[in-house]
Amino acid sequence: MIYGKLWTVVKPSVGVPLFLGAVAVGSFAVHYALLTNTTWVKAFLNGNSKMVVAEGSAAGAPAAPAAKK
Amino acid sequence: MDDPNKVWPTGLTTGESEELHRNIIQGTQIFGMIAALAHLLAYIYSPWLK
């Protein structure tokens, strides 16, 4: 713990919400980037049950369309 | 000059600041572990990296 004295110079009522807010914004940005740059996230959210792992499922579903990225 | 009872501009002493920081670090570690688990589940159940 090398930054233990941080809160003697940064007000916790400012620093803590700022820190949590930054994590929330970052997380939102990553999820949004995934949503807009992949097909499988949207497919998953649409309840696309045909989505199979790329190398085919063990159940041997007849030529189930694998959602490619 | 490191007076443990000195109240700094933020209204905290060094001890209080370190106590708060220990909790912030622990919270961040817990967040990190949950995120790692989520990434593991995403790797297993989604086409990510396949």
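Along each chain, the written sequence defines residue order, and numbers are assigned to residues from 1. A letter from A marks each chain and a number from 1 marks each ligand, given out in the order of writing. At least 70 in pLDDT is required for a residue's local features to be given in this predicted model, at least 80 for side-chain atom pairs to be given and counted, and no such filter applies to totals for whole chains, interfaces and linings, which use all residues. As a rule here, side-chain values come from all non-hydrogen atoms in the structure, and water together with hydrogens is ignored.

Student: Just give me the short version of the interface of chain B and chain A, but keep the residues and values in it.
Tutor: In this complex, chain B contributes 20 residues to the contact, which on the side of chain A involves 20 residues. Carbon and sulfur atoms make up 77% of the area that chain B and chain A hide from each other, which totals about 1,700 Å². In short, buried area is how much 1.4 Å probe accessible area vanishes from two parts on joining, totalled over both. Interface area lost by chain B to chain A is led by Thr10, His21 and Pro47 of chain B, which between them contribute 33%. Should a side-chain nitrogen of Lys or Arg be within 4 Å of a carboxyl oxygen of Asp or Glu, the pair is scored as a salt bridge. For the pair chain B and chain A, the interface holds 1 salt bridge. Between Glu18 of chain B and Lys5 of chain A there is a salt bridge, and its shortest N-O distance comes to 3.5 Å. Polar contact is the term for a pair of N or O atoms within 3.5 Å; when the atoms are in protein, one must be able to donate a hydrogen and the other to accept it, and sequence-neighboring residues count only if both atoms are side-chain atoms. On inspection of chain B and its partner chain A, the count reaches 7 residue pairs in polar contact (both at pLDDT 80 or more). In this classification, the charged set is Asp, Glu, Lys and Arg, the nonpolar set is Ala, Val, Leu, Ile, Met, Phe, Trp, Tyr, Cys and Pro, and all remaining amino acids, among them Gly, are polar. Partitioned by chemical class, the residues of the side of chain B that touches chain A number 9 nonpolar, 7 polar and 4 charged. Contacts are assigned to residue pairs with any non-hydrogen atoms lying within 4.5 Å of each other.

Student: Help me get a handle on the confidence of the model for chain B, residues and values and all.
Tutor: In the predicted model, chain B carries a mean pLDDT of 95, and 98% of its residues have values of at least 70. Here the predicted complex scores 0.75 on pTM and 0.85 on ipTM. Note on scores: pLDDT gives the predictor's confidence for each residue, bounded by 0 and 100.

Student: Tell me what's going on with the side chain of Thr38 of chain A, and back it up with residues and numbers.
Tutor: Residues and elements named next belong to chain A. Per the convention used, a helix needs a DSSP run of H or I reaching at least four residues, while a strand needs a run of E reaching at least two, with both numbered from the N terminus. You can see Thr38 is positioned in the loop between helix H1 (12-37) and helix H2 (40-45). Taking the relative accessible area as the measure of exposure, Thr38 reaches 12% and is therefore buried. A polar contact is formed between the side chain of Thr38 and the backbone oxygen of Leu34, at a distance of 2.6 Å. Only protein chains enter the accessibility calculation, which uses a 1.4 Å probe; a residue whose area is less than 20% of its type maximum is buried, one above 50% is exposed, and one in between is partly exposed.

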